[in-house]
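Each chain, letter by letter, is given below.
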Amino acid sequence: SDGADANPTPDNPSDAAKPDDSAGNGDDLLATRLQPNSQVFQSLLTRAGGRSLSASTLQERTLPYALKLTNTPLPEHLQCGLCHSVVQNAMLLPWDPEGRSCCETCIRDGLTKNGFRCPLTGVEGVSPDDLLKNVGLRKAAEVFVEEVMRQMDLIEKEVEEMKREEEEKE
C-alpha cells in the first residue's frame, strides 16, 4: 500500500469509501472518512421538500393537527364518551338514558376491564352483545373527518404556493 488508504482527505471522497488498513485510533480515521453526499442530500430535498418522513411529519397528518390548523372544534356529538376523540366505529349504549355513543374499542375494552360494568354510566351486568352500531353517527364522523382533512390539504397547498411565490421573487 502507498499509504493513501490510511490518510484519506476530505478533498478526495473516493478515499473515504476505502476500508481502513491502518492500526491505531479508528475514531480519527472515521471522522475523516465520513463525508456528506451532497448529491443524495439535494435529491432528498427535492423529493421530500426537505421534510423527513419521521413521526413528526406523520403526526401532521392526524386529525388533532388538522383540527388545530383549520381552527375547527370537534363537535361534542361526534366525541366518544370515554376517550373524547372523534368516535371510531360508533356504538350506541342502549342502557344509557342520555343515548350516548362510544368508540367500539373503548366501550368493549371498558366493559371487559370493569367486569361488565359500564365505564361511562356505571350500570352493572351489561354485555358487549347489547351494544348497537350507531350507523348514522359513524357516517357523520367519517364525513366530518374527511372535510377537516380536505380543508387541511387546501391550507397546506396555499402555504406551499405562497412559499414558491416568495422564492421566485428572490
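Residues numbered from 1 in each chain as written. Predicted model: local features only at pLDDT ≥ 70, side-chain atom pairs only at ≥ 80, totals over all residues. Heavy atoms only, no water.

Remarks on the confidence of the model for the protein
Okay, so step 1: When the pLDDT values of the protein are averaged, the result is 79; 65% of them are 70 or greater.
Okay, so step 2: The low-confidence segment residues 1-22 (pLDDT under 50) makes 22 contacts with residues lying over four places distant or belonging to another chain.
Okay, so step 3: For the stretch residues 48-59, pLDDT sits under 50, and the model shows eight contacts to residues farther than four places along the chain or on other chains. (pLDDT = per-residue confidence, 0-100. Contact = heavy atoms within 4.5 Å.)

Section: helix 7 (residues 135-169)
Residues lying three or four places apart along an α-helix face the same way, a consequence of the helix completing one turn every 3.6 residues.
Okay, so step 1: If you check helix 7, its first and last C-alpha atoms are 52 Å apart, about what 35 residues at 1.5 Å a residue would give, namely 51 Å.
Okay, so step 2: What helix 7 keeps buried is the set Leu 137, Ala 141, Phe 144, Val 148, Met 149 and Met 152.
Okay, so step 3: Buried residues belonging to helix 7 abut helix 5 (63-70), strand 1 (90-92) and strand 2 (101-103). (Helix = DSSP H or I, 4+ residues; strand = E, 2+ residues; numbered from the N terminus. Expected span 1.5 Å × (residues − 1). Buried < 20%, exposed > 50% of the residue type's maximum accessible area, 1.4 Å probe, protein only.)

So, unusual backbone geometry
Okay, so step 1: A positive phi angle, near 65 degrees, is found at His 84, a position not held by glycine.
Okay, so step 2: Tracing the chain through its elements places His 84 in the loop between helix 5 and strand 1.
Okay, so step 3: Positive phi, close to 50 degrees, is recorded for Asn 89, a residue that is not glycine.
Okay, so step 4: In this structure, Asn 89 sits in the loop between helix 5 and strand 1.

Regarding the environment of Arg 117
Okay, so step 1: Mapping Arg 117 onto the fold places it in the loop between helix 6 (104-113) and strand 3 (132-133).
Okay, so step 2: The class of Arg 117 is partly exposed, set by a relative accessible area of 31%.
Okay, so step 3: Placed 10 residues apart in sequence, Arg 117 and Ser 127 show a C-alpha to C-alpha distance of 8.5 Å.
Okay, so step 4: Dropping the residues within four chain positions of it, Arg 117 is found in contact with Gly 110, Leu 111, Gly 122, Val 123 and Glu 124.

What to know about the sheet that holds strand 1
Okay, so step 1: Pairing is antiparallel across the open sheet formed by three strands, whose spatial order is 2-1-3. Of all the strands in the sheet, just strand 2 and strand 3 have a single pairing partner and so form its edges.
Okay, so step 2: Pairing between strand 1 and strand 3: two bridges, direction antiparallel. Looking across to strand 3, one finds that Met 91 is bridged to Lys 133.
Okay, so step 3: Running over the sheet, helix 6 touches strand 1 and strand 2 and is turned about 90 degrees from strand 2.
Okay, so step 4: Packing against the sheet, helix 7 makes contact with strand 1, strand 2 and strand 3, and its axis sits at approximately 150 degrees to strand 1. (Pairing = 2+ DSSP bridges. Axes fitted to C-alpha atoms, helices over the stretch in contact; angles between N-to-C directions.)

Focus: the side chain of Thr 72
Okay, so step 1: Examined against the element boundaries, Thr 72 turns out to sit in the loop between helix 5 and strand 1.
Okay, so step 2: There is a polar contact of 2.7 Å between the side chain of Thr 72 and the side chain of Thr 70.
Okay, so step 3: Setting aside residues up to four positions removed in sequence, Thr 72 forms contacts with Leu 67, Phe 144, Val 148 and Gln 151. (Polar contact = N/O pair within 3.5 Å; in protein donor to acceptor, adjacent residues only side chain to side chain.)

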